[in-house]
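If you want the building blocks of each chain, they are given just below.
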Amino acid sequence: MEVYLDGKFYPKMEAKVSVFDHGLLYGDGVFEGIRVYDNCIFKLDEHLERLEYSAKAIALKLPWSREELSRIHIEACKRNGVANGYIRTVVTRGVGDLGLNPNNCKSPSLIVIADGIKLYPAEVYTKGIKLVTAATRRTNVAALPPMVKSLNYLNSILAKIETLNAGFDECLFLNDQGYVAECSGDNIFIISKGVVYTPTISSSALGGITRRAVMEVCEDLGISCKEVQMTRYDVYTADEAFLTGSAAEVIPVTEVDAREIGAGGAGPVTTKILAKFREKVRKDGTMIV
Ligand code: PXG
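Residues numbered from 1 in each chain as written. Predicted model: local features only at pLDDT ≥ 70, side-chain atom pairs only at ≥ 80, totals over all residues. Heavy atoms only, no water.

1. Section: the overall build of the protein
Definition in use: Strands are runs of DSSP state E lasting at least 2 residues, helices are runs of H or I lasting at least 4, and numbering of each runs from the N terminus. Note on classification: 1.4 Å probe, protein chains only; a residue is buried when its accessible area is under 20% of the maximum for its type, exposed when over 50%, partly exposed between these limits. Note on definitions: a residue-residue contact is assigned when non-hydrogen atoms from the two residues lie within 4.5 Å. Surface accessibility follows the Shrake-Rupley procedure with a 1.4 Å probe radius. Residue values consider only the protein chains on display as shielding.
When you go through the protein residue by residue, the secondary structure sums to eight helices and 16 strands. A buried classification covers 50% of the 289 residues belonging to the protein. Once local pairs closer than 6 in sequence are excluded, the contacts in the protein between residues at least 24 apart make up 72%. Of the accessible surface of the protein, which amounts to about 13500 Å², a share of 53% is contributed by carbon and sulfur atoms.

2. Section: the pattern of salt bridges
As a reminder of what qualifies: Salt bridges are defined as contacts in which a side-chain nitrogen from Lys or Arg sits within 4 Å of a carboxyl oxygen from Asp or Glu.
Considering all chains together, one arrives at 18 salt bridges under this definition. Residue Lys130 pairs with Glu255 through a salt bridge whose shortest N-O separation is 3.6 Å. Of this pair, Lys130 sits in strand E7 (residues 129-133) while Glu255 sits in strand E14 (residues 249-256); the two residues are 125 residues apart in sequence, bridging distant segments of the chain. Among the ionic pairs, Glu182 bridges to Arg138, the shortest N-O distance being 2.6 Å. With Glu182 in strand E9 (residues 180-182) and Arg138 in the loop between E7 and helix H5 (154-165), this pair connects stretches of sequence that are 44 residues apart. Shared partners join several salt bridges into a network, and the residues in it are Lys43, Glu216, Lys280 and Asp284.

3. Some details on the site of the ligand
For the record, the criterion: Nearness here has a simple test: a residue counts as near a molecule or strand if at least one of its heavy atoms is within 4 Å of that partner. Under this definition, polar contacts are N or O atom pairs within 3.5 Å; protein pairs additionally need one hydrogen-donor-capable and one acceptor-capable atom, and for neighbouring residues in sequence, both atoms have to be side-chain atoms. Each residue receives one of three labels: charged for Asp, Glu, Lys and Arg, nonpolar for Ala, Val, Leu, Ile, Met, Phe, Trp, Tyr, Cys and Pro, and polar for the others, Gly being one of them. Bear in mind that the domain bounds are from an automatic or database domain assignment.
Close contacts around the ligand come from 18 residues, with Arg88, Tyr153, Glu182, Thr210 and Ser246 the closest. Lys149 places a polar side-chain atom, nitrogen or oxygen, 3.3 Å from a nitrogen atom of the ligand. Measuring from a nitrogen atom of the ligand, one finds a backbone N or O atom of Gly185 at 3.5 Å. Relative to its unbound accessible area of 530 Å², the ligand is 85% covered by the protein chains. Grouping the amino acids of the shell around the ligand by side-chain chemistry returns four nonpolar, eight polar and six charged. Taken together, domain 1 (2-115) and domain 2 (124-280) each give at least three residues to the shell around the ligand, which thus spans both.

Right, here's the structure in full:
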């Protein structure tokens, strides 16, 4: 495998960053997780836009144009023969002093890794998964906005540790006011009386690329989809629920905090959305040519 790092491709074990990089010292940087389906980098432009916005929000100036970034991602897939897989893009603040001041970092570093992906077992998509509410609350938008896909993921990791300790794989992640924000590494949707709902981004959620794609799928299918302030009551009483993420795609949720959602297994609306989403992923992106 060859990894892109600051202008060159290196063999996997030779792609190294400095211990003085503020990405390592402080989690000062941003990243992306992107899927590749049949030589199509799904929603590459949207991922690169989110990367640019995340960087802008943390006052990190990206010296690369959208075209350059796009070219590097395509090249990373080509060199590694990744026709179906996953791209991890990382931008760090770069090498600096032992001190918070980002102005001491001369130039940001760019890492692009194209690799295979460990998929969820197929039965998850028909049987669904169970969620538990995490005690840890999602970071307040006025502290570290969850819209920034930053290298500082401890908030999500703490929620994930609780989730795993409780014997679950994914959680319901509430904001500091107790409203539903998202999951530890996925967005959440519910369906009530034929209408699809998802928490607003300002509830303390990442603006998921899959979330946005699912909203487009709903529009294509003529299903109403609304961004709302959502409570746990709304989730417990929903007819169906599912989570979305680049790795997860669309996974049905059949139980939350021991309340059964729907009739067990993927509900009819979720099944329709998942099928349409799977059609979309092979069309809606940038081809590796
Ligand atoms: N919320 C959070 C907190 C996330 O980290 C999502 C929602 C879903 O966003 P996308 O854009 O993927 O639809 C994420 C995404 C990884 C990995 O390597 C993490 C994500 C996605 C892909 C891989 O752990 N999180």
